[in-house]
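# Coordinate inspection notes
Below are the chains, spelled out letter by letter.
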Amino acid sequence: MTTTRPNLNPDLSVDRLMAELFALAKISEAEPPVVTRVVFGPADLRARAYVKGLCAEAGLTVREDAVGNTFARWEGADPSLAPIGTGSHIDAIPNAGLYDGCVGVLGGLEAIRALKALGFKPRRSIELVVFTAEEPTRFGIGCLGSRMMANVLTPQQALALRDKEGRGLEDWRVPAGFTGPLESVAVPKGRFHQFIEMHIEQGPLLEEEKVDVGLVTHIAAPASQRIVIEGEGGHAGGKLMPGRKDALAAAAELILALESAAKSTGAIDTVGTVGICEVFPGAVNSIPSRVTMTTDVRDIDRARRDRVLAALGAVANDISRRRGVKIATELVNADPPTTCDPAILAALEESAIAAGKSYKKMVARAYHDTSFVSCIAPVAMLFIPCRGGVSHRPDEYASPQWIGSGVHVLSRTLAKLAA
Ligand code: HGY
Ligand code: MN
Ligand code: MN
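Here goes a summary of the coordinates provided.

The next subject is the pairing of strand E14 (residues 290-299). Counted residue by residue, E14 has seven buried out of 10 residues, so it is predominantly covered. Two elements, strand E9 (residues 221-230) and E14, share 10 bridges in a ladder whose sense is antiparallel. The partner of Ile 227 across the bridge, within E14, is Met 293. Pairing between strand E12 (residues 277-280) and E14: four bridges, direction antiparallel. Along E14, the bridge assignment pairs Glu 278 with Thr 292.

Listed below in structure tokens is the structure:
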């Protein structure tokens, strides 16, 4: 039983992996090449079944928790030891691409299959994880499954979540077959000995600098808010301009204030986005009486991010007073930045060198499930390039070479950590 570190030139079958990525991409609520796969929807359930089937074929034992976090385990020589974890998500926002999340799930599976093909026998079990609802699409908050595993989101808070139609977590997870007690999702510290997520960079640096892989040292601190602006509706022709309380005009001021606050922190790392802006009643000849919008503010420096949120609050108060509109702000999440583990980064660096792959240390600007796994285990992330840094769009793309390099480095690192 070889638990030593074999001559690890994993015989990756990138072709098989690419075929699986393309097959998974076809399981979508939208017409290919567009990928849309919202948690607990029909496409998500079919995608879960597809991935679980591949894991079973690879000889992994598959188990799901009460919200659908899925664990595919390769039993190690000493099952009493906490496993090495790897994985990501397969849910996708509307109008997305096929690589975000899926590269980390199917690439993690390929890394495991390559080690098995080499006859490697892990001392520590290796677990491939598919996290439920990394994207905020359904319930407005990202990383639902990993937040609950880390108990950053309690069962009570999860039960209070609602989708746009007012349906809650129970209305979705139970018909999807997930009926266990929500209290069973939280896991203790040490559930994983170490955890690595492979992911496309969702930024332009690796491709621009022609670097094979990125070793992520920090993950930016995300925050999001839900803002409702209540004004006064009325006839677009009959109601003259003086005294109007136009909710959308107020929202427009607030959106530009967010953009200017994010641009003026003095750091390129601060970003601010309004991704949702719903207008009521939404008629061409009716003055908007209500706007529901979201903000997404991130920075690698938490205090700087929070200063943007505070500045926005002050502007909202000023707009409310000047325009006579009510502005209600609900903070959905304001998470800390994540620091990745030096020992795992060292193992990734050694693996990249051994694999003959160029690498650079870098920051993750998107958030990831790894941010919440970091509450229960040492973590790190491995980035591969994506064309033009494009993501969350159907033209998101990562080449088989880029993906193969990532899987090669991941495979070697899993073997090092599990040996
Ligand atoms: O929004 C994010 O950073 C992630 O892609 N869900
Ligand atoms: Mn995403
Ligand atoms: Mn992602």
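Moving on from the coordinates now.
Here we come to the nonpolar core. The biggest cluster of nonpolar side chains holds 68 residues, and the ones touching the most others in it are Leu 21, Leu 348, Leu 382 and Ile 403. Setting aside chain neighbours within four positions, we find Ile 403 in contact with Leu 17, Met 18, Leu 21, Tyr 99, Val 103, Ile 384 and Ala 398. By size, the runner-up hydrophobic cluster in this structure holds 33 residues, among which are Ile 141, Leu 153, Trp 172 and Val 185.

The subject of this paragraph is the site of ligand 1. Residues in close proximity to ligand 1 include Glu 134, Glu 135, Gln 202, Arg 298, Ala 366, Tyr 367 and His 392, which together make up its full environment. Glu 134 has a polar side-chain atom sitting 3.0 Å from a nitrogen atom of ligand 1. Between ligand 1 and the protein, one listed contact pairs an oxygen atom with a side-chain N or O atom of Arg 298 at 2.6 Å. Within the complex, 94% of the 210 Å² of free accessible area of ligand 1 lies under protein. For the shell around ligand 1, a count of residues per class yields two nonpolar, two polar and three charged.

So, about the pattern of salt bridges. Tallying each qualifying case throughout the model produces 28 salt bridges. One salt bridge in this structure joins Arg 304 and Asp 269, with 3.8 Å as the shortest N-O distance. On the criterion of sequence distance, the pair formed by Arg 304 in helix H9 (residues 302-323) and Asp 269 in the loop between helix H8 (247-263) and strand E11 (271-273) is long-range, its members being 35 residues apart. You can call Arg 304 buried: its relative accessible area is 16%. Judged by its relative accessible area of 17%, Asp 269 falls in the buried class. Note that Asp 318 is salt-bridged to Arg 321, the shortest N-O span being 2.4 Å. Highlighted residues: Asp 318 and Arg 321, both in helix H9, separated by three residues, approximately one helical turn. For Asp 318, a relative accessible area of 27% gives the class partly exposed. Shared partners join several salt bridges into a network, and the residues in it are Glu 253, Asp 318, Arg 321, Arg 322 and Arg 323.

What counts as what
- Residues numbered from 1 in each chain as written.
- Chains lettered and ligands numbered in written order.
- Predicted model: local features only at pLDDT ≥ 70, side-chain atom pairs only at ≥ 80, totals over all residues.
- Heavy atoms only, no water.
- Buried < 20%, exposed > 50% of the residue type's maximum accessible area, 1.4 Å probe, protein only.
- Helix = DSSP H or I, 4+ residues; strand = E, 2+ residues; numbered from the N terminus.
- Pairing = 2+ DSSP bridges.
- Core = buried A, V, L, I, M, F, W, Y, C linked by side-chain atoms within 4.5 Å.
- Contact = heavy atoms within 4.5 Å.
- Near = heavy atom within 4 Å.
- Polar contact = N/O pair within 3.5 Å; in protein donor to acceptor, adjacent residues only side chain to side chain.
- Areas by Shrake-Rupley, 256 points an atom, 1.4 Å probe, with all protein chains shown as cover.
- Nonpolar A, V, L, I, M, F, W, Y, C, P; charged D, E, K, R; others polar.
- Salt bridge = Lys/Arg side-chain N within 4 Å of Asp/Glu carboxyl O.

Geometry only, nothing functional implied.
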